[in-house]
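Okay, here's what each chain looks like letter by letter:
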Amino acid sequence: MEEPQDLPEQPVKKAKMQESREQSLSHVSNAEVSDQKPESSSLGSNLPMSSETSTTNASPVSTSSTVVNISTSAVASISQEYPTYTILGQSQYQTCYPPSGFGVVTPADSNTESTAIATTTYPTEKPNTMVPTRTVQRHSSGDASTSPSLSRATASKELDEQARKNIPGKNRGKRKADTSSSQDSELERVFLWDLDETIIIFHSLLTGSYAQKYGKDPTLVIGSGLSMEEMIFEVADTHLFFNDLEECDQVHIEDVASDDNGQDLSNYNFSTDGFSGAGSNANHSSSVGVQGGVDWMRKLAFRYRRVREIYDKYKTNVGGLLSPQKREALQRLRTDIEVLTDSWLETALKSLLLIQSRKNCVNILITTTQLVPALAKVLLYGLGEVFPIENIYSATKIGKESCFERIVSRFGKKVTYVVIGDGRDEEVAAKQHNMPFWRITNHADLMSLHQALELDFL
């Protein structure tokens, strides 16, 4: 066979190189083209070259790929000669993702996009290194439909589908929480509230600091605080299993729902099931169950399920939990506290109800009180209608910053968060998460908050 001469064919080669720029790919027979055109793509320079191929009869190869005009056989040939060569590396496309200034891209979306790119550009690379015995079959066939990577992906997908269908019953509680979060996907703004000294005045009543700050009668103020504290723990102990749950505090009501087997609790006797949450009472018989064991966790989940049922039933009528005498005492006590605090709770409620009236906003409560006493406190102060139980978090165990992380993971990063509180803890946590913080130190701060909400500044 005659070898092509260099000089006469130079114009043809240059014309072909211009044609290869307009098209996606052409076969090249002489390495001299690469020296003359350094800016040509690395894709063309690394294609296999044959000494028998003439430049005059090179023709573009059509393919169904939507990314690069490469035939499947060419990809297989590249994989054979350059097993570590990446045709289209993902690093080239990292800059295509929107920067943080244009909104937050959730991890799920990023993974989906990366998977789509990987599947389209080099569907046969990873099996080449992981399963070398199957590469012969892939190279010989040259057909993407018979690629082992696709068959393995299909098998993996079938296994995932089967795993979803076979999720055990004890995980149903977690799935309920996910359902509620999907309903919150239309939210635009989430307000994170502190409880004590922000919505209600309680701790400063007990210490007398409120009386000192506002010139109130300390005896009256402290006495009212002690009376409310007694009523809170009475409700928590009598109706919300606080004696059992004090040493088993949770951040959220759904934290142990995955251990609940869904047993009907209509005739369940909590007083005789042998459960003990206190660490000092671990010397019970083995029939009770080891603390932290499956049986023990199931009984713990039963109690938190019943706590939720009681809260939901009486959140708008806490008087139904109390005797007539206690009900009247609570009404007088709340009235006295409102007078002593110059209608602090009433002022805070205006902002809470305004936020609640918006369809794209939600109120979330984060308190440093343990979860069960916090629920009792919310009920007794008449806030059950404003805060559904799934929107109440206790930061006693993990701190407010970790609580904020959990809330962000629930609602996502696309919504706007506004933190409202009086303490250093929530201010630091808000700063850590780049959330605006509205400080509450007096009545004027509460009234300014309500005015800002009315004017749609928040």
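The structure presented is a predicted model; accordingly, all values stated were derived computationally and were not measured.

Rules behind the numbers
- Residues numbered from 1 in each chain as written.
- Predicted model: local features only at pLDDT ≥ 70, side-chain atom pairs only at ≥ 80, totals over all residues.
- Heavy atoms only, no water.
- Helix = DSSP H or I, 4+ residues; strand = E, 2+ residues; numbered from the N terminus.
- Buried < 20%, exposed > 50% of the residue type's maximum accessible area, 1.4 Å probe, protein only.
- Contact = heavy atoms within 4.5 Å.
- Areas by Shrake-Rupley, 256 points an atom, 1.4 Å probe, with all protein chains shown as cover.
- pLDDT = per-residue confidence, 0-100.
- Axes fitted to C-alpha atoms, helices over the stretch in contact; angles between N-to-C directions.
- Parallel < 35°, antiparallel > 145°, perpendicular 65-115°, else oblique.
- Nonpolar A, V, L, I, M, F, W, Y, C, P; charged D, E, K, R; others polar.
- Left-handed = near helix turned anticlockwise from the far one by under 90°.
- Pairing = 2+ DSSP bridges.
- Right-handed = clockwise from strand over helix to strand, strands pointing away.
- Core = buried A, V, L, I, M, F, W, Y, C linked by side-chain atoms within 4.5 Å.

1. Some points on the overall build of the chain
Summing up its helical and strand segments, the chain has 20 helices and 5 strands in all. Across the 458 residues that make up the chain, the buried fraction comes to 39%. Expressed as a percentage of contacts within the chain between residues at least 6 apart in sequence, the contacts between residues at least 24 apart total 73%. Total accessible area computed for the chain in this model is approximately 25,700 Å², and 50% of it derives from carbon and sulfur atoms.

2. Let's talk about the side chain of Lys400
Here Lys400 shows up in helix H18 (residues 399-411). When neighbours within four sequence positions are excluded, Lys400 is seen to be in contact with Asp194, Ile366, Thr368, Ala395, Asp425, Glu426 and Ala429.

3. Re the confidence of the model for the chain
Overall, the predicted model of the chain reaches an average pLDDT of 73, with 57% of residues at or above 70. When pLDDT is averaged over each element of the chain, strand S3 (residues 392-394) comes out on top at 98 and helix H7 (residues 135-141) at the bottom at 38. Between residues 1-18, whose pLDDT stays under 50, and residues either more than four places distant or in other chains, the model counts 18 contacts. Within the model, pLDDT remains below 50 along residues 163-179, and this stretch shows 11 contacts once partners closer than five positions in the same chain are excluded.

4. A word on the packing of helix H14 (residues 294-314) against helix H17 (residues 371-380)
Here H14 crosses H17 at 10°, and the two axes come no closer than 11 Å. As summarised for this structure, H14 and H17 are arranged roughly parallel, according to the angle between their axes. Across the interface between the two elements, Tyr304, Val307, Tyr311 and Tyr314 of H14 pack against Leu371, Val372, Leu375, Val378 and Leu379 of H17. Per-class residue counts for the contact of H14 with H17 are 9 nonpolar, no polar and no charged.

5. Things to note about the packing of helix H16 (residues 344-356) against helix H20 (residues 443-454)
The contact between H16 and H20 brings their axes to 9 Å, and the two run at 20°. The angle between the axes of H16 and H20 places the two elements in the roughly parallel class. Crossing hand, H16 versus H20: left-handed. The segment H16 lies against H20, with Trp344, Thr347, Ala348, Lys350, Ser351, Leu354 and Ile355 engaging His443, Leu446, Met447, Leu449, His450, Leu453 and Glu454. Tallied by class, the residues present in the contact of H16 with H20 amount to 8 nonpolar, 4 polar and 2 charged.

6. Here we look at the pairing of strand S2 (residues 361-367)
Of all 7 residues that make up S2, 7 are buried, and the element is covered over most of its length. Burial along S2 is two-sided: Cys361, Asn363, Leu365 and Thr367 facing one way and Val362, Ile364 and Ile366 facing the other are all buried. Pairing of strand S1 (residues 189-193) with S2 involves 5 bridges; the strand directions are parallel. By the bridge assignment for S2, Val190 is matched with Val362. Taken together, S2, H17 and S3 form a β-α-β motif whose crossover is right-handed.

7. Overview of the sheet that holds S1
The 5 strands lie next to each other as S3-S2-S1-S4-S5, forming an open sheet whose pairing is parallel. Here the strands that pair on one side only, and so sit at the sheet edges, are S3 and strand S5 (437-439). Going from strand to strand, the sheet's axes swing by 20° on average, the running direction of each strand aside. Note that strand S4 (residues 416-421) and S5 share 3 bridges and pair parallel. Directly across from Ile420, in S5, lies its bridge partner Trp438. Along the sheet, H17 contacts S2 and S3; its crossing angle with S3, the most-contacted strand, is approximately 140°.

8. Thoughts on the nonpolar core
Membership of the largest hydrophobic core comes to 72 residues, with the highest contact counts inside it found for Trp193, Ile199, Leu383 and Phe387. Apart from the residues lying within four places of it in its own chain, the contact partners of Phe387 are Trp193, Ile199, Tyr311, Leu352, Asn363, Ile364, Leu365 and Ile392. Core analysis: the second largest hydrophobic core is formed by 20 residues, Leu187, Val362, Ala395 and Met435 among them.

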